Amino acid sequence: MPLDLSCALIQIQNVSKIFKTQAGDFTALKDINLCFGQGEYVSIIGKSGSGKSTLINMITGIDHPTIGEVRVAEHDVHHMNESQLAEWRGRNLGIVFQFFQLLPMLSILENTILPMDFCNQYPPAERESRARALLDLVGLGVEAEKLPAALSGGQQQLAAIARALANDPPLIVADEPTGNLDSRSAARILDLFDELVVQGKTIIIVTHDSSLAKRTARRVLISDGMLIDENIAHALPMLSHPQMLRLSHLAVARSFQPGATLAKHDNGKVGLFVVAQGHVEAVRHYRSGESELVERLGPGAYFSELELEQDERSTLSFRSAAEESVEALWVSHEAFYHFLGESHAAESALRQAAGERFGHVHRPAQPRKSFWWRR
Ligand code: ADP
Ligand code: MG
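Source: prediction; values computed, not measured. (Residues numbered from 1 in each chain as written. Chains lettered and ligands numbered in written order. Predicted model: local features only at pLDDT ≥ 70, side-chain atom pairs only at ≥ 80, totals over all residues. Heavy atoms only, no water.)

Student: A description of the overall build of the protein chain should follow, citing residues and the corresponding values.
Tutor: Assigned secondary structure in the protein chain consists of 13 helices and 18 strands. If you line up the protein chain on its principal axes, its C-alpha atoms span 80 × 45 × 45 Å. Residue burial in the protein chain is summarised as follows: out of 375 residues, 49% are buried. Of the accessible surface of the protein chain, which amounts to about 18,600 Å², a share of 53% is contributed by carbon and sulfur atoms. Averaging the locations of the 36 positively and 45 negatively charged side chains of the protein chain gives two centres separated by 6 Å. (Helix = DSSP H or I, 4+ residues; strand = E, 2+ residues; numbered from the N terminus. Buried < 20%, exposed > 50% of the residue type's maximum accessible area, 1.4 Å probe, protein only. Areas by Shrake-Rupley, 256 points an atom, 1.4 Å probe, with all protein chains shown as cover. Lys, Arg positive; Asp, Glu negative; His and termini not counted. Charge placed at Lys NZ, Arg CZ, Asp CG, Glu CD.)

This is how it looks when you write it as structure tokens:
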């Protein structure tokens with residue numbers, strides 16, 4: 001297979017993590033496959049206990065996978081010994097924690113110098129001025145001599161970010177960096193991350209707050225230690241994480257040549273399609289014989305048999321665009337029908353969305369009729 005440069009920085013392959021507990025084995029991560037490219041700004045989102053910290057600890061080498069491989073910038077993270085790992089981490093990774101973890105007996109200036117001393121980076125005479133410049137960057141230049149306890153939580157986190165930047169690491173990993181901060185301080189931290197991404201850093205933030213995650217270019221959702229397919233998450237934000245995960249497991253990959261028909265009205269049992277690559281055209285056909293291109297669906301967009309249900313005046317079909325082939329995730333009619341039957345909340349959210357899509361606004365609601373039809 002050709003090397004995928006978009007995945008060049010971090011590759012997580014078939015990673016599972018099983019904790020041995022008194023109550024027995026607990027699978028915290030299950031068969032995770034994921035990669036991140038240089039310069040990406042990504043959030044990892046999931047409920048408390050979903051496995052976010054466990055996943056990120058696999059990247060930093062803080063913890064080891066039970067199964068699988070993790071490579072960061074061509075380094076096999078879990079085949080280094082402890083001292084190699086500490087040195088590698090010190091030079092290449094900036095780690096930011098929810099509770100800052102600054103050393104309380106040292107000023108924030110000394111805290112920021114420490115990683116340079118530890119890795120013997122930069123000539124000793126330059127380290128203090130570099131640390132001061134980093135504290136200036138995060139807006140704490142005048143506080144440099146203070147102990148962490150003399151600062152607010154937001155300021156301590158800014159200092160922790162300055163410390164994380166000490167050795168100019170290409171990758172910054174932050175585990176709930178705003179989890180313990182008020183919203184103004186949180187906004188300041190995220191503004192700083194935005195600036196660092198523009199400067200070319202790769203940043204991975206863990207959060208359970210999806211409003212924070214909106215600021216990142218890419219979102220990775222995790223539920224019960226398993227990854228939710230990113231296209232499904234993007235296409236169907238109205239679903240809960242467990243519902244998205246269920247569809248991720250039900251979906252299979254399908255390819256379509258340019259111009260091929262994916263689905264049309266006279267075959268209502270089409271299931272659900274999510275576009276992964278290429279473009280799909282939604283075409284509405286009127287009784288008069290005319291037809292009209294009503295929408296182009298790109299990666300992360302979806303349609304389902306719910307949109308194809310008959311209306312009085314027109315029908316819909318979906319085809320791949322003429323210029324490129326389409327890769328789609330497909331949930332079969334049987335699986336989709338079963339999925340809807342399992343969750344009334346999902347069914348009503350999808351039906352409601354369907355009624356307003358592809359110029360379908362005037363379709364009369366016919367709940368009784370469709371009820372009998374479905375039986
Ligand atoms: P998150 O960061 O998403 O809140 P974690 O990754 O910390 O979740 O934990 C995921 C699951 O793994 C949780 O159910 C947690 O209780 C369990 N877990 C985490 N660390 C350990 C451990 N060292 N031993 C046993 N179970 C653990
Ligand atoms: Mg956590």
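Moving on from the coordinates now.
Student: Please set out the layout of surface pockets residue by residue, giving values where relevant.
Tutor: One number sums up the size of the second largest pocket: a volume of about 650 Å³. Lining the second largest pocket are 21 residues, and of these Asn-33, Leu-34, Leu-227, Asp-229 and Glu-230 sit closest to its centre. At the level of elements, strand S2 (24-36), strand S9 (218-223), strand S10 (226-227), helix H8 (230-235), strand S11 (252-256), strand S13 (272-277) and strand S18 (326-331) are the ones that each hand at least two residues to the lining of the second largest pocket. With 5 residues, S2 is the largest single contributor of residues to the lining of the second largest pocket. Of the residues assigned to the lining of the second largest pocket, the class counts are 10 nonpolar, 4 polar and 7 charged. When residues of the lining of the second largest pocket are sorted by domain, at least three fall in each of domain 1 (39-47 + 78-227) and domain 2 (245-374). (1 Å grid on protein atoms, 1.4 Å probe; cavity = no way out; pocket = protein on both sides within 12 Å on 5 of 7 lines; lining within 4 Å. Points joined across faces, edges and corners; volume = space filled by probe spheres on them. Nonpolar A, V, L, I, M, F, W, Y, C, P; charged D, E, K, R; others polar. Domains from an automatic or database assignment.)

Student: How would you sum up the packing of aromatic side chains? Please name residues and give values.
Tutor: Tallied over the full model, the rule gives 5 aromatic pairs. With centroids separated by 6.3 Å and ring planes inclined at 35°, the aromatic side chains of Phe-273 and Trp-330 adopt a geometry described as tilted. Placement of the pair is Phe-273 in strand S13 and Trp-330 in strand S18, with a sequence separation of 57 residues. Since its relative accessible area comes to 2%, Phe-273 is described here as buried. Accessibility expressed as a relative area gives 22% for Trp-330, which makes it partly exposed. (Phe/Tyr/Trp six-rings, centres within 6.5 Å; stacked < 30°, edge-to-face > 60°.)

Student: Lay out the site of ligand 1 with the relevant residues and their values.
Tutor: The environment of ligand 1 is made up of Phe-19, Thr-21, Phe-26, Ala-28, Lys-47, Ser-48, Gly-49, Ser-50, Gly-51, Lys-52, Ser-53 and Thr-54. Between ligand 1 and Gly-49 there is a distance of 2.7 Å, counted from an oxygen atom to a backbone nitrogen or oxygen. Contact distances for ligand 1 include 2.6 Å between an oxygen atom and a side-chain N or O atom of Thr-54. Its free accessible area being 560 Å², ligand 1 has 61% of it covered by the protein chains. For the shell around ligand 1, the secondary-structure elements that each account for two or more residues are strand S1 (10-21), S2 and helix H1 (52-60). Take the shell around ligand 1: its biggest share by element is 3 residues, from H1. (Near = heavy atom within 4 Å. Polar contact = N/O pair within 3.5 Å; in protein donor to acceptor, adjacent residues only side chain to side chain.)

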